[in-house]
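In case you want the letters, here they are:
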Amino acid sequence: MEKGKDVFYSDPHVHGLNLLADVVENVTKTLLASKILTASDLERHLNRLFLPKNQVTEKVAKILSAEEWDGVNNHKKEIVVRTWVGGIEEDPIHFKYWSSCGTYLFGGKNWFNLAQKHALQIGDQLNIWAHRDLVTN
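Because the structure is a prediction, the values reported are computed rather than measured.

Q: Which parts of the structure should I look at to understand helix 3 (residues 66–73)?
A: Within an α-helix, residues lying three or four positions from one another point in the same direction, as the helix has 3.6 residues per turn. What helix 3 keeps buried is the set Glu68, Trp69, Gly71 and Val72. Along the long axis of helix 3, the arc covered by the buried residues comes to 160°, so they all point the same way. Facing away from the buried side of helix 3 by over 90 degrees, the exposed positions are Ala66 and Glu67. Two residues or fewer after helix 3 comes His75, characterised by a positive phi angle close to 60°.

Q: Just checking my understanding: could you explain the pairing of strand 2 (residues 48–51) for this structure?
A: One face of the sheet, then the other: side chains in a regular strand alternate in exactly this way. Taking every second residue as pointing to the same face, both faces of strand 2 are buried, with Arg48 and Phe50 on one and Leu49 and Leu51 on the other. The pairing of strand 2 with strand 5 (residues 103–107) spans four bridges and is antiparallel. Each residue of the ladder has a partner; that of Phe50, found in strand 5, is Leu105.

Q: Got a minute to help me understand the side chain of Thr103 in this structure?
A: Mapped onto the elements of the fold, Thr103 is located in strand 5. From its side chain, Thr103 meets the backbone oxygen of Leu51 in a polar contact 3.3 Å long. Not counting residues up to four positions away in its chain, the partners in contact with Thr103 are Phe50, Leu51, Lys96, Tyr97 and Trp98.

Q: What's the story with unusual backbone geometry in this structure? I'm lost.
A: Excluding glycine, a negative phi dihedral is what most residues carry, and trans is how most peptide bonds are arranged. Even without a glycine there, the phi angle at Asn47 is positive, about 50°. On the secondary structure map, Asn47 appears in the loop between strand 1 (27–36) and strand 2. Phi at Ala119 takes a positive value of approximately 55°, unusual for a residue other than glycine. Among the structural elements, Ala119 can be located in the loop between helix 4 (109–117) and strand 6 (125–133).

Q: Please explain the packing of aromatic side chains as it appears in this structure.
A: Ring pairs (aromatic) are described by centroid distance and by the angle formed between their planes. Counted according to the given criterion, the structure contains five aromatic pairs. Arranged with centres 6.0 Å apart and planes meeting at 80°, the rings of Phe50 and Trp98 form a pair that is edge-to-face. Highlighted residues: Phe50 in strand 2 and Trp98 in strand 4 (residues 88–98), separated in sequence by 48 residues. Phe50 gets classed as buried once you look at its relative accessible area, which sits at 18%. Measuring from centroid to centroid gives 4.7 Å for Tyr97 and Tyr104, while their planes differ by 50°, and the two rings are tilted.

The rules behind these values
- Residues numbered from 1 in each chain as written.
- Predicted model: local features only at pLDDT ≥ 70, side-chain atom pairs only at ≥ 80, totals over all residues.
- Heavy atoms only, no water.
- Buried < 20%, exposed > 50% of the residue type's maximum accessible area, 1.4 Å probe, protein only.
- Helix = DSSP H or I, 4+ residues; strand = E, 2+ residues; numbered from the N terminus.
- Arc of directions from axis to C-beta.
- Pairing = 2+ DSSP bridges.
- Polar contact = N/O pair within 3.5 Å; in protein donor to acceptor, adjacent residues only side chain to side chain.
- Contact = heavy atoms within 4.5 Å.
- Phe/Tyr/Trp six-rings, centres within 6.5 Å; stacked < 30°, edge-to-face > 60°.

What follows is the structure in C-alpha cells.
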C-alpha cells in the first residue's frame, strides 16, 4: 500500500478520532478581535463594547453570510450573539454597526452584566473568539 493512501484503521480509538475530526471540521473557531478595555467599554449607562473596526471588517465578514453582513452594515438588523466564558453559556449580546461613530460594537445590558460578572477592568485585554457550526449555521 502506498504511504498515505487509502489507509484503513480498524482500531476503534482511531475511528473515534476520525469521527471527532468530522465534528471539529463542522465548527470553525476564529479570533475575531483583541482589544484593551477602556473606561467607556465598561460604563453602565453606555452598555456597549466598541470593537476594532479593522479587525471586524477583516474577520467577521468572513464568518457572516453576505446577507447578514449587508444587514448589519445597512442598519437593517443587529445580530444576536450567543456568548460563552470558560465553556459556560452567558446571556446573548448584540452585534451591530453604529454609523454615527463608524464602528462595530457589542451592545445591550447583557454586555455590561457580562463585564461586571467577570470583573473586567480598564486595561484588561479581551480576546473575542467566534465559532459557527457549519451544519446548523
